[in-house]
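If you want the building blocks of each chain, they are given just below.
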Amino acid sequence: MTVENRPEHVEDLIDLLAGQHMLIRDLFAEVQRASGDARDEAFARLVRLLAVHETAEEEVVHPLARRSIDGGEGVVEDRLHEEHQAKEALARLESMDRDSEDFAAAFAKLRAAVLAHAQYEEQYEFRYLRAQHGPDRLRTLAKQVRIAEKAAPTHPHPGVETAPENLAAGPVLAVFDRVKDAMRGALSRNG
Amino acid sequence: MSFNPLDHRGIPLDKQLRNWRELDVEPIDPDHADPYTRCRIIAMNGIEVEALLFSHQFARNCPSMDVKRQLAEVRYIEHQQQKAVNWLLPGSASALETTIAYEQVAVDLTAWVARMEPDPYLKQAYQFGVLEDFDHLYRYSNLYEMVQHRKAEKIVDGLTEVIPGRPTKYHHRHPHDNVREPYDREAAAPISKLHALTIMAAEQQTMNFYMNVGPQYMEPIARQLYQEIGLIEEEHVTHYESLVDPGETWWERLVNHEYNECYLYYSFMQTESDPRIKAIWELHLDMELEHLRLACDLMRQHDGREPEEVLAPELPQPVTFEPNKAYVRELLDTQIDLTTLGAGYVREAHERFERMQEEIHGGEAPPSERVVDEHRERFGTDYRLSTEGEHPVPELREPRSDRQ
């Protein structure tokens, strides 16, 4: 086994979500570097990953943070506000020509906002959650989130437009809604 | 193309103060910027921090009120330069990410200086040190993947390899063995003085950075690794600062500092890939030319000597950030097992070294070993970025059983 071919490793909820922050960061950079169809495709993957990730945070992390962090209510309100803004910005981007300068400028703004949002979560939520919850609890939560993510619709692959994959097609806000419904269902069954 | 900073007039000192709007620099992009642009920012910040600390020490040792006032005025401007330079780093990069960039600076800057240094004793000091920074890069990169789930290749971008160097556990030497012989200020080439100042400043900033960001981490292995490598930075600062001749007068030292700042801003202006950052290097060079002129006047006045007696007639070849992979591999192959004894170098573990090792490790594996062990445990391998084939030292290759 080498660095390139070893399996993905996830320990607990914080590892899982911090790892996704890095994937999101890399996907933002990938969209910026790509053009044409490759940019469309990377953008679709980004929308899907953001939907899955933000749902996991809204359903699992934020409720936990509200309860267990001193000042958690306020911290979570700030994060939810940022998530809401990001979702709206993403929806606006969708209707724009992806190779236009307007798209590039608006996308760069969204990227800066989302990267800052991720930093705030790591600094003001994650570090306290790890200090306050035992490793077993955080590992169990990671498992639940992963099961829920598997229940969420995946992005459409060209040529395999069958029912579950197609669920992720369509407008950004609809993707977020469908992902959230599917993950909520899975979380309540396993929670 | 030659450039003699003594022949150029910069921006008059009373025109150098910047307002808040001018200081509010736009940071570089954390994922799209040239890694060597980030390296130049980190190196230049180290140079400015040394300028500030040196000027404060000078002021504390200076009885003349007039000189103290002039030092304070120039120092305030240099502090604004430090703010404009270091604030180019983006807030979205974590402290550990910046740490990895610091180690990339240490590797590629020290290797370049080692290649260019004419004096064999000084060259050996840089060659010795670079193999240690190279190993720190590898240890921190393993920590980075563990706590941040990202690979260091996203930061170093394949320009610098991430493989084991001289193992960090062997860097803990008796403090007496970290003190080198100084160059002779009368005989040393001007370039040698600039090299020593540059690397001393870079290592000093690294020491300051680690001593402050280390405790901000919560993960025990991260806290411990910053402590361990932070103490090695103390050794490195001792190692490099002792190369500078302590017989230089305060005035001469001030001139050398200002000249070195001109040299580095000029170098980075020549080699910068980002036009926006290049404009900052150029502006700061124009400021430094005036600081140098003022320092030269002080030297003439108080030392009764011409600065030209101690300075080069023109700036040396620009300090360049570029890959040094083959050079570092050659050093790995030939100098991996060196340690220091007194002011020199030996290959065998001598008694004082072994005693220090026993006392500091207390019979346990130090954090620099445990970070790699824990990484192997969790991910199945250590983290490496090897672009030039297998490791030149057989014992430091990836264990066979782990490879497919």
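The structure displayed is predicted, hence computed values, not measured ones.

Conventions adopted
Residues numbered from 1 in each chain as written. Chains lettered and ligands numbered in written order. Predicted model: local features only at pLDDT ≥ 70, side-chain atom pairs only at ≥ 80, totals over all residues. Helix = DSSP H or I, 4+ residues; strand = E, 2+ residues; numbered from the N terminus. Rg over C-alpha atoms; globule rule 2.2 N^0.38 Å. Buried ≥ 20, exposed ≤ 12 C-beta atoms within 10 Å, placed from the backbone. Contact = placed C-beta atoms within 7 Å. Core = buried A, V, L, I, M, F, W, Y, C linked by C-beta atoms within 7 Å. Axes fitted to C-alpha atoms, helices over the stretch in contact; angles between N-to-C directions. Left-handed = near helix turned anticlockwise from the far one by under 90°. Nonpolar A, V, L, I, M, F, W, Y, C, P; charged D, E, K, R; others polar. Parallel < 35°, antiparallel > 145°, perpendicular 65-115°, else oblique. Expected span 1.5 Å × (residues − 1). Bend = angle between axes of the 7 residues up to and from the residue.

1. Regarding the overall build of chain B
Okay, step 1: Counting secondary structure elements, chain B contains 13 helices and two strands.
Okay, step 2: Relative to the globule expectation of 22 Å for 404 residues, the C-alpha radius of gyration of chain B, 21 Å, shows essentially globular dimensions.
Okay, step 3: Once the C-alpha set of chain B is aligned to its principal axes, its extents read approximately 65 × 45 × 40 Å.
Okay, step 4: Burial statistics for chain B: of 404 residues in total, 45% are counted as buried.
Okay, step 5: Sequence separation of 24 or more characterises 83% of the internal contacts of chain B that already satisfy a separation of 6 or more.

2. A look at the nonpolar core
As a rule of thumb, nonpolar side chains are buried together in soluble globular proteins.
Okay, step 1: Ile100(B), Val105(B) and Val130(B) are the most contacted members of the largest nonpolar core, which has 95 residues in total.
Okay, step 2: Of the residues forming this core, the biggest block, 13 residues, is contributed by helix α5 (residues 120-148) of chain B.
Okay, step 3: Discounting residues that sit within four places of it in the chain, Val130(B) has contacts with Val107(B), Thr110(B), Ala111(B), Ala114(B), Val328(B) and Leu331(B).
Okay, step 4: By size, the runner-up hydrophobic cluster in this structure holds 42 residues, among which are Leu64(A), Phe107(A), Ala118(A) and Ala186(A).

3. Quick look at the packing of helix α8 (residues 220-241) of chain B against helix α13 (residues 367-379) of chain B
Residue and element names in this part refer to chain B.
Okay, step 1: Remark: α8 packs on α13, axes separated minimally by 8 Å, with the N-to-C direction vectors making an angle of 145 degrees. Of the two elements, α8 crosses α13, and the hand of that crossing is left-handed. Counting all contacts with α8, which are made through Ile221, Gln224, Leu225 and Glu228, the residues of α13 involved are Pro367, Ser368, Arg370, Val371 and Glu374.
Okay, step 2: Of the residues in the contact of α8 with α13, the class split is four nonpolar, two polar and three charged.

4. Some words on the packing of helix α4 (residues 95-116) of chain B against α5(B)
Residue and element names in this part refer to chain B.
Okay, step 1: Contact pair α4 / α5: the axes reach a minimum separation of 8 Å and the direction vectors enclose 160 degrees. Relative to α5, the element α4 is oriented roughly antiparallel. α4 and α5 meet at a crossing whose hand is left-handed.
Okay, step 2: Class assignment of the residues belonging to the contact of α4 with α5 gives a composition of 15 nonpolar, eight polar and three charged.

5. Structural notes on helix α4 (residues 101-132) of chain A
Residues and elements named next belong to chain A.
Okay, step 1: Given a rise of 1.5 Å per residue, 32 residues ought to cover 46 Å, and the 46 Å separating the end C-alpha atoms of α4 matches this to within 8%.
Okay, step 2: Largest kink in α4: about 35 degrees, centred on Glu122.
Okay, step 3: Listed as buried for α4 are Phe107, Leu110, Arg111, Val114, Leu115, His117, Ala118, Glu121, Glu125, Phe126 and Leu129.
Okay, step 4: Looking at the buried residues of α4, the elements they touch are α1 (13-33), α2 (36-68) and α3 (72-94).

6. Some remarks on the environment of Arg40(B)
All names here are of chain B.
Okay, step 1: With respect to the helices and strands, Arg40 occurs in helix α2 (residues 35-60).
Okay, step 2: Arg40 sits in the buried class, given 29 other C-beta atoms within 10 Å.
Okay, step 3: Sequence-wise, Arg40 and Ala222 are 182 residues apart; in three dimensions their C-alpha atoms are separated by 26 Å.
Okay, step 4: Discounting residues that sit within four places of it in the chain, Arg40 has contacts with Phe268, Glu272 and Phe321.

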